[in-house]
Amino acid sequence: MAVLQSDGNPIVEMILKRHSKMEGRRENWTSHWEEVSRFVIPRKDDIYKSKANGEKKGNKIYTGHPVDTNEKLASALHGMLTNPSTNWFGLSTGDRKLDQNVEVKAWLQHAAQRMIDTLNQSNFQTQIHEVYLDLGGFGTGVLLIEEDKDMVFRFLSRPIYCAFIEENHKGIVDTVSFESKKTLSQIVGEFGEDILDDELKSELEGEDDKEYTVVHFVTPRTDRDVAKLDTTNKKFASYHILKEKRIMLKESGFDELPYVVPRWSKISGEVYGRSPAMKSLPDIKMLNAMQKATIEAAQKAVNPPLVAPDDGVLLPIRTAPGAINYKRAGTKDTIEPINSGARPDLGEALIRSTEVKIEKAFFIDELQIPSNDRMTATEIMQRREEQLRKLGPILGRQHFELLKPLINRIFGIMIKKDMFDAIPEILSGVDLEVRYTSQIAKAQRTADSDDFSRVMALVGPLAQAKPEMLDNFDTDTILRDMMDKFGLPSEYLVSKTNMNKVRAERQQAMSQQAQLETADKQADVAGKVSQIEG
């Protein structure tokens, strides 16, 4: 591959100029993220890249409560949205009748299960948890999905402070520019030695392990030939540029945006997201200050400062247990503690009230399972579903900005690798939809079931007097709809054809049994009549 300098390739200059503008528009966010990371995600507090590798983190933190609270939120999101032990999504055609087609249903279930199994065999679970931590702390997460020979696809959670994003006219992130530091040996290992000029080659032969900035810029391609399948005609253009030398390292493309960029919540007009940590940052900073003051008050109460006469005691004063201090004979002066009147207990009460406010900002009260000795298991379940429904507007954004593009990306990769069974002809040209079956998605769909349960509670007593009232209900449709809402496997139900066949056979058997019983009764009557006549 020839070395493409910016003078011979105006694309390099155009991309770096656009990258610089994106960097300028993000400047205010950087300081905000730095403050959040200091108190909520201390292991990521090198926003300005001013700290050395291995340097201690969190030296100015006096309470770990915000860190633990964000971890709880991330764990709850992980369990509710992408739980590895459940099938948290399925596929649908968007047409209920077509979904019930035997061949279509079997293929959709196979494809969804194959995707979930492949996800669980990759590094997805470890990387998605980092994304959830970033969502709770920074309000914006970045997840790169790459093809991989061993794991089919590989996930990389990228630090938001190294990423720059833009939205299209629909408010969807479609352009990502990511900066990473790499040594020349790493660059050669990824892109080959041919991309280096003579100066860089001589530098590579030396012992200097200097790091360079590589910009990965991905944006929708406006000038492409859809009839061509090469990488330079894909839907999204991809460019790797060596920033310091202004060299194009690689130009390629993707069918889907390889970066998934979810936001926790977003203010109109802003591109980057806002987080629970940002919302509660004043309380978090106050909690840290109160914890420091309470610790100091406790230290003064346990180990108070001392007052001693200026000439009646022989120095040094020893405060260790069992220590002996000497004073001049005949003096009445003694060493006494200074009672500052510190009340650490008052500080503890204020600290706890502030912790509760922070937990509410992170929705911890809504995520915890309700517990009450007087509540039945059914009541606890209903309360739990009500809590999850309250999170619908917040987590609905994660369905749209995180899970949907993620599933589309892995589906595209697996289709390209021919990892599914042969697609039924009836699905030719049909756009598939993602159907979420996670815990939170089920809670949103089961509201109708609660309404039906209340109706049945009212109808029950009346039906005892007039059973014919129940003829108004299509019980088969109700059962199948309930199974679907609660996300139970479709294998639990037989097909309608088999169901009708079983019912017909049962009806036929009952008719034959009735005929036999009638024949027996007629024979018995005939026998009795013949005896009387005889």
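First, a word on scope: everything that follows refers to the structure included in this document. Quantities reported herein were computed from a predicted structural model and do not represent experimental measurements. (Residues numbered from 1 in each chain as written. Predicted model: local features only at pLDDT ≥ 70, side-chain atom pairs only at ≥ 80, totals over all residues. Heavy atoms only, no water.)

**So, the environment of Arg 343**
Under the convention used in this document: Per the convention used, a helix needs a DSSP run of H or I reaching at least four residues, while a strand needs a run of E reaching at least two, with both numbered from the N terminus.
Following the sequence through the fold, Arg 343 ends up in the loop between strand S12 (336-337) and helix H11 (344-361). Measuring from C-alpha to C-alpha, the distance between Arg 343 and Lys 300 comes to 9.8 Å, with 43 residues separating the pair along the chain.

**So, the pairing of strand S9 (residues 247-254)**
So the rule is basically this: Pairing between strands is defined by DSSP: at least two bridges between them are needed.
Inspection of the sheet shows strand S8 (residues 236-242) paired to S9 by seven bridges, in the antiparallel sense. Within S9, the residue paired with Phe 236 across the bridge is Phe 254.

**Brief notes about helix H1 (residues 10-25)**
Note the cut-off: By definition here, a helix of n residues has an expected span of 1.5 Å times n minus one. Residue burial is assigned from relative accessible area. The probe radius is 1.4 Å, only protein chains are included, and a residue is buried under 20% of its type maximum, exposed over 50%, and partly exposed in between. Directions are taken from the helix axis to each C-beta atom, and the arc is the one they span. Should any heavy atoms of two residues lie within 4.5 Å, those residues are considered in contact.
The end-to-end C-alpha distance of H1, which contains 16 residues, comes to 23 Å, matching closely the 22 Å that a straight helix rising 1.5 Å per residue would cover. Buried within H1 are the following residues: Val 12, Ile 15, Leu 16, His 19 and Met 22. Down the axis of H1, the buried side of the element spans an arc of 120°, and every buried residue falls inside it. Away from its buried face, by an angle of more than 90 degrees, H1 presents the exposed residues Pro 10, Lys 17, Lys 21 and Arg 25. Buried residues in H1 make contact with strand S5 (163-167), strand S6 (173-183), strand S7 (211-220), S8 and S9.

**Concerning the nonpolar core**
What counts, and what does not: Buried residues of nine kinds, namely Ala, Val, Leu, Ile, Met, Phe, Trp, Tyr and Cys, make up a nonpolar core once their side-chain atoms join them within 4.5 Å.
In terms of nonpolar packing, the biggest core is built from 90 residues, with Trp 33, Phe 153, Phe 155 and Leu 406 touching the most fellow members. Sequence-distant contacts of Phe 155, that is, excluding residues within four places in its chain, are made with Leu 119, Ser 122, Asn 123, Phe 124, Gln 127, Leu 143, Leu 144, Ile 145, Leu 406 and Ile 410. One finds Ile 187, Val 188, Leu 196 and Leu 200 within the second-largest nonpolar core, a separate group that totals twelve residues.

**Quick look at the sheet that holds strand S10 (residues 259-260)**
Spatially, three strands are ordered S4-S3-S10 in an open sheet, and the strand pairing comes out antiparallel. Whereas interior strands pair on both sides, the edge strands pair on one side only; in this sheet they are strand S4 (152-158) and S10. Two strands pair when backbone bridges link them, and strand S3 (residues 142-148) and S10 are joined in this way by two bridges, in the antiparallel orientation. Residue Leu 143 lies in a different strand from S10, and its bridge partner there is Val 260.

**Digging into the packing of aromatic side chains**
Stated formally: Stacked, edge-to-face and tilted labels apply to pairs of Phe, Tyr and Trp rings (six-membered ring for Trp) whose centres lie within 6.5 Å, assigned for plane angles under 30 degrees, over 60, and everything in between, in that order.
Scanning the entire structure with this criterion turns up eleven aromatic pairs. Seen in terms of ring centroids, Trp 33 and Tyr 272 are 5.5 Å apart; in terms of plane orientation they differ by 75°. Their pairing is edge-to-face. On the criterion of sequence distance, the pair formed by Trp 33 in helix H2 (residues 27-39) and Tyr 272 in the loop between S10 and helix H9 (276-279) is long-range, its members being 239 residues apart. Looking at Trp 33, the relative accessible area reads 0%, which means it is buried.

Geometric values such as these leave the question of function open.
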